[in-house]
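# Architecture and fold: a report
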Amino acid sequence: MQNIIELKNIGYSYHSLHGETTALQNISFGIREGEFVAIVGPSGCGKSTLLSIIAGLLQPESGTIAVNNPDGSLHYPRVGYMLQRDHLFEWRTVYKNTILGLEINNMLTEERLSYVDQLLFDYDLDKFRNKRPSELSGGMKQRAALIRTLALDPQLLLLDEPFSALDYQTRLMVSADICHLIRNAGKTMIIITHDLSEAISLADRIIVLSARPATVQTEIPITLTLQDNSPLAARNAPEFPFYFNQLWEELTGEKRES
Ligand code: ADP
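The following refers to the structure shown. Fair warning: this is a prediction, and the values are worked out from it, not measured in the lab.

### Quick look at the sheet that holds strand β2 (residues 19-32)
A sheet is described by the order of its strands in space; here three strands give the open sequence β2-β1-β4, paired in antiparallel fashion. Each edge of the open sheet carries a strand with a single partner, namely β2 and β4 (62-67). Taken over all neighbouring pairs, the strand axes of this sheet differ in orientation by 15° on average, direction set aside.

Written out as structure tokens, the structure is:
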């Protein structure tokens, strides 16, 4: 399958009164349609900067992003963002939160609203549509945030540490759940995470960035033998420790015993 977007030699520096911080240098990689890519790298290396460039929020200083839509059109993929916190507004009901993006973008059509209804139903939130966000569990809030994002029908979902505010056990369940829903919706996803196990269990490919200025240190395709569909299945796959050790070595330079 061909890449829907392709980054070529992307570079970016922040400029301030105190000088220049080069965040990204010569970053090149492609993303295939329907692919799940995880980006890992040392803290402060430039992961969020890279995501902002892919989202179109920052313009790269050097390099290009080429678009290859399967239908031959030249438009940039519609991008949806999910951040660390769900950013649901307490003064709006769950339903009013899920349609917020549609409201802001002036897209409150019958078709979109019935899609939101369908998602609320499919994601078991229908009974909570008139509740406030504080009445939902952490996992339900993330589902509501996902519906708000999917309502705009993005082709490419960018997730910046979306599960880091959740406690460990909830995080295992919610990350597997949300990614399963995104796969079922047929979307392409790029996720930033500092959790190596999460990266291995969710992604088809992991891009490891070097310390700042970030360059692509290596790319690791992930293939796991899964016994079932449970959130823990990926972590119990026989290949899991191998990938974990490989990533550990890439990030720390130290060999790890299995
Ligand atoms: P990561 O997401 O990997 O933690 P970031 O992309 O947030 O890293 O930041 C990369 C580097 O750029 C860091 O050293 C950070 O301090 C610097 N940086 C980020 N945003 C700004 C900004 N608005 N102005 C100046 N420097 C910034």
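### Some points on the sheet that holds strand β3 (residues 36-40)
The strand order β5-β6-β7-β3-β8-β9 describes an open sheet built from six strands, whose pairing is mixed. Two strands bound the open sheet, and with one partner strand each, they are β5 (79-82) and β9 (216-221). For this sheet the average axis-to-axis angle between neighbouring strands, irrespective of direction, equals 20°. One ladder, built from four bridges, connects β5 with strand β6 (residues 156-160); its direction is parallel. Counterpart to Met 82 in the pairing with β6 is Leu 159. Sheet strands touched by helix α5 (residues 138-150): β5 and β6. Its angle to β5, the strand with the most contacts, is close to 165°. Across the sheet, helix α6 (residues 168-184) lies against β3, β6 and β7 (188-192), angled at about 140° from β3, the strand it touches most.

### A short note on the pattern of salt bridges
Here the idea is simple: oppositely charged side chains can pair when their charged atoms come close. Taken as a whole and judged by the stated rule, the model has 12 salt bridges. Where Arg 129 meets Asp 117, a salt bridge forms, and the shortest distance between an N and an O atom there is 3.1 Å. Placement of the pair is Arg 129 in the loop between α4 (110-122) and α5 and Asp 117 in helix α4, with a sequence separation of 12 residues. A salt bridge links Glu 198 to Arg 171; its shortest N-O distance comes to 2.8 Å. Of this pair, Glu 198 sits in helix α7 (residues 196-202) while Arg 171 sits in helix α6, and the two are 27 residues apart along the sequence.

### Structural notes on the pairing of β9
Put simply, side chains in a regular strand alternate between the two faces of the sheet. As paired strands, strand β8 (residues 205-209) and β9 are joined by five bridges and run antiparallel to one another. When the sheet's bridge partners are listed, Ile 206 is paired in β9 with Ile 220. From the end of β8 to the start of β9, which pair antiparallel, there are six residues.

### A word on the nonpolar core
By size, the foremost hydrophobic cluster in this structure holds 46 residues, and its most contacted members are Leu 146 and Ile 206. Ranked by residue count, the leading element in this core is α5, at six residues. In this structure, Ile 5, Val 37, Ile 54 and Leu 158 belong to the second largest nonpolar core, which totals 25 residues.

### Some words on the packing of α5 against α6
For the pair α5 and α6, interaxial distance at closest approach is 10 Å and the crossing angle is 25°. Put simply, α5 runs roughly parallel to α6. Relative to α6, the crossing made by α5 is right-handed. For the pair formed by α5 and α6, the contact residues are Gly 139, Gln 142, Arg 143 and Leu 146 on the first element and Thr 170, Val 174, Asp 177, Ile 178, Leu 181 and Ile 182 on the second. A per-class count over the contact of α5 with α6 returns five nonpolar, three polar and two charged.

### Some thoughts on unusual backbone geometry
The residue after Arg 212, namely Pro 213, is reached through a cis peptide bond having omega -5°. Within the fold, Pro 213 resides in the loop between β8 and β9. Of note in this structure, Asn 26 is not a glycine but carries a positive phi near 55°. Locating Asn 26 in the fold gives a position in strand β2. Here the phi dihedral of Glu 161 falls at roughly 45°; this positive angle occurs in a residue that is not glycine.

About the criteria used
Residues numbered from 1 in each chain as written. Predicted model: local features only at pLDDT ≥ 70, side-chain atom pairs only at ≥ 80, totals over all residues. Heavy atoms only, no water. Pairing = 2+ DSSP bridges. Helix = DSSP H or I, 4+ residues; strand = E, 2+ residues; numbered from the N terminus. Axes fitted to C-alpha atoms, helices over the stretch in contact; angles between N-to-C directions. Contact = heavy atoms within 4.5 Å. Salt bridge = Lys/Arg side-chain N within 4 Å of Asp/Glu carboxyl O. Core = buried A, V, L, I, M, F, W, Y, C linked by side-chain atoms within 4.5 Å. Buried < 20%, exposed > 50% of the residue type's maximum accessible area, 1.4 Å probe, protein only. Parallel < 35°, antiparallel > 145°, perpendicular 65-115°, else oblique. Left-handed = near helix turned anticlockwise from the far one by under 90°. Nonpolar A, V, L, I, M, F, W, Y, C, P; charged D, E, K, R; others polar.

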